[in-house]
Amino acid sequence: MTEPGVPEFRAFPLILAAPSGAGKTTIARKLRERRTDVVFSVSATTRPPRHFERHGRDYWFLSEAEFRERIGAGELAEWAEVHGHLYGTPMENVRRAAEQRQILLLDIDVQGARQIRATVPGVVSVFILPPSGRELAGRLTSRGSEGEDVRRRRLINACREIAAAPEFDYVVVNDDLERAVVHVDAILRAESARGAHMVGLAEYATRLCRDIESCLI
Ligand code: ADP
Ligand code: 5GP
């Protein structure tokens, strides 16, 4: 008689949110290197691309008219205005990751996180904190991807974002990068073992009991 298959975990979306410059993009990239079951959610945005960013890899760079067309067509799972630009998650990303049983990594702001939590079941959310305000400001400067006005605007918005940290399932301080990545990976491992994320757990338990009872005869 063949043994009943053990239950497998159902892939879930993972939200990584943080004030700009706290390191969530860097953590997401490192996490992707460690795990093959993680896939990035490529967002749509009206923000102009940075010199190293590519259309379709880092973002889908759209005009405001194109973006609003997607909202109208119901193609976005969530969207928000962040730092003066529109950002949104294509519904297709959520659907495809679930179908392919991949953990969808969503690098989105707190407004988007609230919308996704309300509409997509089983979402796990992590908030990344910088070790200090000075370090956050320093990281934004050293990244060098924004001009002074944009950098100031992002720092002003950081306080509003940080105030939302208690809404999240987990909070990780990104002081030492490797340690932060290990923490997020540990969260993924623990969540993968959560009963609610298991497919066919109840059926497995029933089969297991039948198997045990057969040993009593
Ligand atoms: P975010 O995506 O949250 O805006 P990034 O991942 O772009 O932030 O990181 C901002 C800058 O900080 C980058 O230059 C990155 O290399 C750097 N950085 C990220 N994590 C750390 C860390 N733990 N220590 C020092 N610098 C870091
Ligand atoms: P950046 O311009 O630095 O790439 O991102 C700015 C902010 O927009 C970050 O907080 C990032 O998490 C957020 N963001 C990126 N994509 C999305 C998205 O699809 N939806 C929402 N709501 N926020 C996003």
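For the structure itself, look to the data block above.
About the criteria used
- Residues numbered from 1 in each chain as written.
- Chains lettered and ligands numbered in written order.
- Predicted model: local features only at pLDDT ≥ 70, side-chain atom pairs only at ≥ 80, totals over all residues.
- Heavy atoms only, no water.
- Helix = DSSP H or I, 4+ residues; strand = E, 2+ residues; numbered from the N terminus.
- Buried < 20%, exposed > 50% of the residue type's maximum accessible area, 1.4 Å probe, protein only.
- Contact = heavy atoms within 4.5 Å.
- Areas by Shrake-Rupley, 256 points an atom, 1.4 Å probe, with all protein chains shown as cover.
- Lys, Arg positive; Asp, Glu negative; His and termini not counted.
- Charge placed at Lys NZ, Arg CZ, Asp CG, Glu CD.
- Near = heavy atom within 4 Å.
- Polar contact = N/O pair within 3.5 Å; in protein donor to acceptor, adjacent residues only side chain to side chain.
- Nonpolar A, V, L, I, M, F, W, Y, C, P; charged D, E, K, R; others polar.
- Salt bridge = Lys/Arg side-chain N within 4 Å of Asp/Glu carboxyl O.
- Pairing = 2+ DSSP bridges.
- Axes fitted to C-alpha atoms, helices over the stretch in contact; angles between N-to-C directions.
- Disulfide = S-S within 2.5 Å.

Novice: Report on the overall build of the protein chain, specifying residues and quantitative values.
Specialist: A tally of regular secondary structure across the protein chain gives 8 helices and 11 strands. Counting only C-alpha atoms and orienting by the principal axes, one finds that the protein chain spans roughly 75 × 40 × 30 Å. A buried classification covers 43% of the 217 residues belonging to the protein chain. By sequence separation, contacts in the protein chain at least 24 residues apart represent 69% of the contacts at least 6 residues apart. Carbon and sulfur atoms form 54% of the exposed surface of the protein chain, whose accessible area is close to 12,100 Å². Considering the protein chain, the positive charge centre built from 31 side chains and the negative charge centre built from 31 side chains are found 3 Å apart.

Novice: Describe the site of ligand 2, listing the residues and the values that go with them.
Specialist: As a structural note, the neighbourhood of ligand 2 is formed by 17 residues, with S43, R47, Y59, Y87 and R154 the closest of them. Contact distances for ligand 2 include 2.6 Å between an oxygen atom and a side-chain N or O atom of S43. Bound to the protein, ligand 2 loses 96% of the 510 Å² it would expose on its own. Only β6 (76-82) and β7 (85-90) provide two or more residues apiece to the shell around ligand 2. For the shell around ligand 2, a count of residues per class yields 5 nonpolar, 5 polar and 7 charged.

Novice: Kindly report on the site of ligand 1, identifying the contributing residues and their values.
Specialist: By nearness alone, 13 residues border ligand 1, and G21, T25, T26, R143 and N174 come closest of all. The backbone of A22 places a nitrogen or oxygen atom 3.4 Å from an oxygen atom of ligand 1. K24 is positioned such that a nitrogen or oxygen atom in its backbone is 2.9 Å from an oxygen atom of ligand 1. For ligand 1, whose unbound accessible area comes to 570 Å², protein coverage reaches 77%. When residues of the shell around ligand 1 are traced back to their parent elements, those giving at least two are α1 (24-34) and α5 (133-143). Looking at which element gives the most residues to the shell around ligand 1, the answer is α1, with 3 residues. Across the shell around ligand 1, the residue classes break down as 3 nonpolar, 6 polar and 4 charged.

Novice: Just give me the short version of the pattern of salt bridges, but keep the residues and values in it.
Specialist: Under the criterion given, the structure shown has 18 salt bridges. Here D107 ties to K24 by a salt bridge, and the two come within 3.9 Å at their closest N and O atoms. Taken together, the residues D107 in strand β8 (residues 103-107) and K24 in helix α1 connect sequence positions 83 residues apart. Residue classification places D107 among the partly exposed residues on the basis of a relative accessible area of 28%. A residue is classified by how much of its surface remains accessible, and K24, at 13% relative accessible area, is buried.

Novice: Hey, could you go over the sheet that holds strand β3 (residues 38-40) for me, with residue numbers and the actual values?
Specialist: A sheet is described by the order of its strands in space; here 5 strands give the open sequence β3-β8-β2-β9-β10, paired in parallel fashion. Every interior strand has two partners, whereas the edge strands, β3 and β10 (170-173), have only one. When the angles between neighbouring strand axes are averaged without regard to direction, this sheet yields 25°. The pairing of strand β2 (residues 14-17) with β8 spans 3 bridges and is classified as parallel. Bridge pairing links L16 to D107 in β8.

Novice: Provide a residue-level description of the state of the cysteines, including the pertinent values.
Specialist: Disulfides are covalent bonds that link the sulfur atoms of two cysteine residues. The tally for this structure, following the rule as stated, stands at 0 disulfides. The thiol of C215 is not disulfide-bonded; the next cysteine sulfur, from C209, is found 11 Å away. Residue classification places C215 among the exposed residues on the basis of a relative accessible area of 63%.

Novice: Go over unusual backbone geometry, please, and point to the residues and values.
Specialist: Positive phi is not limited to glycine here, since H83 has a value of about 45°. Along the chain, H83 falls in the loop between β6 and β7. A residue is classified by how much of its surface remains accessible, and H83, at 14% relative accessible area, is buried. Within the chain, R101 stands out as a residue other than glycine whose phi angle is a positive 55°. Checked against the element boundaries, R101 lands in the loop between α3 (91-99) and β8. The partly exposed category is assigned to R101, whose relative accessible area is 42%.

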